[in-house]
Every structure is written in C-alpha cells, then in structure tokens.
Amino acid sequence: MSDQRAPLEHLPAMTYEQMLEKVRYEGAYPTRERAEEAVRLVIAGLGRQLTGDERVELAARLPLQAARILTEQIPDTKPLTGWAFVKDLAARSGATPATTRWDTGSVLVAVAASAGPELLTRILRRLPHGYALLFGRAELTPAA
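Bear in mind that the values here come from a model prediction, so they are computed numbers and not experimental data.

Chemist: Looking at this structure, I do not really get the packing of aromatic side chains. What am I missing?
Modeler: The description of two aromatic rings rests on the distance between their centres and on the angle between their planes. Going through the model one piece at a time under the given rule, you end up with one aromatic pair. When the ring of F85 is compared with that of Y131, the centres are 5.4 Å apart and the planes differ by 50 degrees; the resulting orientation is tilted. Remark: Y131 occurs in the segment after α7 (117-126) and F85 occurs in helix α5 (residues 82-93); sequence separation between them is 46 residues. Pair check on accessibility: F85 and Y131 agree, each one buried.

Printed below as a string of structure tokens:
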C-alpha cells in the first residue's frame, strides 16, 4: 500500500464549448468570441490567486482548455481581495471596473458549476474576503 495520491483524472463537468455558451448566456455577450475573452481573462486571474489542492482539483474539473489557462499562471505571492482582483483584471484588460466585474461574475458562475458546491466552499475558504459574490454566493460573515 502506498501513501502517494493517485493523480486526479481530468473529469470536466462540461466541455469548453458548453462553458463558453454558459458564460455567453450569463453575461449576455453578443458573440462567442467576447465570452471567450472574458473566460481567458478571469480564469487566468483566478490561476494567479488559487493555490494548493483546490487549484489542482478545480483544474481537473474544468474543460481542458480552461484548465490549461488556470494552471499556466504562477500564483501571486500576495493574494488579492475580491475587489482588488476585479481592479487588477480591469487594469490588465483596459476595461472599466464595472465591465470587468460583470465579466468576472459571468465566468466565475460557470467555474462554480464545474467545481461543485463542496470544492467551491473550499476554494472560497482559501481565497481572501470578497470572492463569494463573484462566484454567485452570498458573502457571509461570522457574528461578532
């Protein structure tokens, strides 16, 4: 018996084309190309924020093209809050923060669907404050 973990199989919940259509629908984008721009921007940004087992498990559940975008990124040494994440993506893309917030929510809802509720909960625990709403979940804070 071995203590080594078996490598995760790549078991995406949807194809890349299905992911793009979901993002296109959620974001009301006029073209598939515009949805793909948003997917590439946001998933690359998420790849710079997410580390550990959650990053590996999410990559295994995303379509292969999206998983590559996520895992090609080198994680930042200083994690960004949810709002700082949106502002960083806006600066990288040249779009307004409002447009980028829309793009982020549209893409991360599709990512959440691929991740499933248990993994998404673990991802949100790993990320700094402010990401839950971006993934389409309520941001709950403990009572003082």
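Chemist: Honestly, the pattern of salt bridges in this entry has me stumped. Any pointers?
Modeler: In a structure, side chains of opposite charge can pair up when their charged atoms sit close to one another. Inspection of every chain in the model, using the stated rule, returns twelve salt bridges. With its nearest N and O atoms 4.0 Å apart, the salt bridge here joins R48 to D88. Here D88 lies in helix α5 and R48 lies in helix α2 (residues 32-49), a separation of 40 residues in the sequence. A relative accessible area of 9% places R48 in the buried class. Exposure remark for D88: the relative accessible area of 22% places this residue in the partly exposed category. A salt bridge links R122 to E54, with the nearest nitrogen and oxygen atoms 3.6 Å apart. Of this pair, R122 sits in helix α7 while E54 is found in helix α3 (residues 52-61), placing the two residues 68 residues apart along the sequence. The pair formed by R122 and E54 is uniform in burial state, with each residue classed as buried. Taken together, the salt bridges that share partners define one network made up of E54, E57, E118, R122 and R126.

Chemist: Help me understand α7, please; the structure alone is not making it clear to me.
Modeler: In an α-helix, one full turn covers 3.6 residues, which means residues spaced three or four apart are oriented alike. Taken as a whole, α7 has its buried residues at L119, L120, R122, I123 and L124. At its buried positions, α7 is contacted by α3 and α6 (97-115).

Chemist: Explain the confidence of the model for the protein chain to me, please; I cannot follow it from the model alone.
Modeler: Low-confidence regions, as indicated by low pLDDT, have predicted coordinates that should not be scrutinised in detail. Of the residues in the protein chain, 89% have a pLDDT of 70 or more, and the chain-wide mean is 91. In this model residues 1-7 is a low-confidence stretch, pLDDT under 50, and it forms one contact with partners more than four residues away in sequence or in other chains.

Chemist: Would you mind showing me how to read the nonpolar core here?
Modeler: Counting 41 residues, the largest nonpolar core has I43, L58, V111 and F135 as its most contacted members. When residues of this core are traced back to their parent elements, those giving at least two are α1 (16-27), α2, α3, α4 (64-71), α5, α6 and α7. Ranked by residues supplied to this core, first place goes to α2 with eight residues. Apart from the residues lying within four places of it in its own chain, the contact partners of V111 are M19, I43, L46, L58, L62 and F135.

Chemist: Help me understand the environment of G105, please; the structure alone is not making it clear to me.
Modeler: Relative to the assigned elements, G105 resides in helix α6. Among the residues examined, G105 registers a relative accessible area of 14% and is labelled buried. Distance in space between the C-alpha atoms of G105 and V42 is 9.1 Å, their sequence separation being 63 residues.

About the cut-offs
Residues numbered from 1 in each chain as written. Predicted model: local features only at pLDDT ≥ 70, side-chain atom pairs only at ≥ 80, totals over all residues. Heavy atoms only, no water. Phe/Tyr/Trp six-rings, centres within 6.5 Å; stacked < 30°, edge-to-face > 60°. Helix = DSSP H or I, 4+ residues; strand = E, 2+ residues; numbered from the N terminus. Buried < 20%, exposed > 50% of the residue type's maximum accessible area, 1.4 Å probe, protein only. Salt bridge = Lys/Arg side-chain N within 4 Å of Asp/Glu carboxyl O. Contact = heavy atoms within 4.5 Å. pLDDT = per-residue confidence, 0-100. Core = buried A, V, L, I, M, F, W, Y, C linked by side-chain atoms within 4.5 Å.

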